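Here is what each chain is made of, one letter per residue.
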Amino acid sequence: MFRIKIAGLVIGIDNRYEYVAWLCKRYIVAAEKEDFQVAAKKEEIIKEHLEGKGRFPLPYCEAACLYRRICQNLIGYDAFLMHSAALEMNGWAYIFAAKSGVGKTTHLKLWMEEFGKQVQVINGDKPVFRFLEGTLYVCGTPWCGKEGLGNPIIAPVKAICFLEQDQKNKIRRLEAPEVIGRIFHQMLMPKEEEAMNRFLDMVDRILADVDCYLLTCNRDREAALVAYRGCADSKNRRQRR
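Residues numbered from 1 in each chain as written. Predicted model: local features only at pLDDT ≥ 70, side-chain atom pairs only at ≥ 80, totals over all residues. Heavy atoms only, no water.

Enquirer: Which residues make up the pattern of salt bridges, and what values do they have?
Expert: All told, the structure shown has eleven salt bridges when counted by the stated rule. Between D125 and K126 there is a salt bridge; the shortest N-O distance is 2.6 Å. Residues D211 and R173 are paired through a salt bridge, measuring 3.4 Å at the closest nitrogen-oxygen approach. Within this pair, whereas D211 is found in strand β13 (residues 211–217), its partner R173 is found in strand β12 (residues 170–173), the two being separated by 38 residues in sequence. Owing to a relative accessible area of 44%, R173 belongs among the partly exposed residues under this scheme. Ionic contacts of the salt-bridge type, sharing partners, join the residues D78, R198, D201 and R205 into one network. (Salt bridge = Lys/Arg side-chain N within 4 Å of Asp/Glu carboxyl O. Helix = DSSP H or I, 4+ residues; strand = E, 2+ residues; numbered from the N terminus. Buried < 20%, exposed > 50% of the residue type's maximum accessible area, 1.4 Å probe, protein only.)

Below, the structure is given as structure tokens:
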């Protein structure tokens with residue numbers, strides 16, 4: 001049993017395997033109180049293992065089950081999981097969402113190559129997003145993809161880019177209906193009615209306050225420049241008022 005801090009929330013982890021503590025080591029805190037606690041039943045861990053056809057060991061499966069439980073609790077704190085990659089540059093976070101295999105991690109690395117030490121990776125795969133005082137922030141988590149790209153930092157979201165592969169690098173701003181057609185494929189949605197209503201309210205706030213783009217790109221460093229320049233005038237619209 002230990003506690004971690006994610007998105008400003010202290011979460012108790014009742015773990016069976018030491019792997020989970022190792023995975024979360026950079027997020028462990030000595031807080032006496034927690035906002036909520038999660039645990040995974042043995043049967044749940046075994047089911048995860050079997051559904052993966054035995055490819056993943058039980059400690060890894062426990063970590064996956066625990067993160068799912070964490071994300072289910074996040075909705076009550078104006079927070080949610082969105083499959084994406086996130087980086088911080090000059091105090092702002094840039095988000096890149098895409099179907100598996102399109103190149104989120106590759107795009108992160110292009111930014112790192114192009115901008116060097118100006119860039120910090122927040123999370124390469126499964127960051128948490130949370131509304132704090134009306135502003136959408138993206139937050140690092142221990143669950144950050146097989147490459148392990150991530151840091152325990154929080155930054156306000158400047159823009160969300162949906163990635164598609166193409167030979168040329170282009171970016172354009174998306175209207176709300178286009179965003180809706182893409183964003184739900186990347187988000188972990190709750191099943192309970194009350195939680196779903198709260199979740200949909202957060203989606204509405206994203207549409208109202210955050211600029212979203214379609215970035216069609218190749219794997220050249222120019223893609224990072226096109227993305228950055230395209231998002232340069234973006235700003236959380238709530239702060240713009």
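Enquirer: Quick rundown of the sheet that holds strand β1 (residues 2–6)? Include the residues and the values.
Expert: Spatial strand order, β3-β1-β2-β4: four strands in an open sheet with mixed pairing. With partners counted over all chains shown, the strands left at the sheet margins are β3 (28–29) and β4 (36–39), one partner each. Two elements, β1 and strand β2 (residues 9–14), share five bridges in a ladder whose sense is antiparallel. By the bridge assignment for β2, R3 is matched with G12. Running over the sheet, helix α3 (residues 58–74) touches β1, β2 and β4 and is turned about 150° from β4. (Pairing = 2+ DSSP bridges. Contact = heavy atoms within 4.5 Å. Axes fitted to C-alpha atoms, helices over the stretch in contact; angles between N-to-C directions.)

Enquirer: Let's hear about unusual backbone geometry: which residues, and what values?
Expert: Only a minority of non-glycine residues have a phi that is not negative, and only a minority of peptide bonds are not trans. At A7, a position not held by glycine, the phi torsion is positive, near 55°. Note that A7 resides in the loop between β1 and β2. Its relative accessible area of 4% is what places A7 among the buried residues. Located in the positive-phi region is K53, a residue other than glycine, with phi close to 55°. Tracing the backbone shows K53 in the loop between α2 (42–51) and α3.

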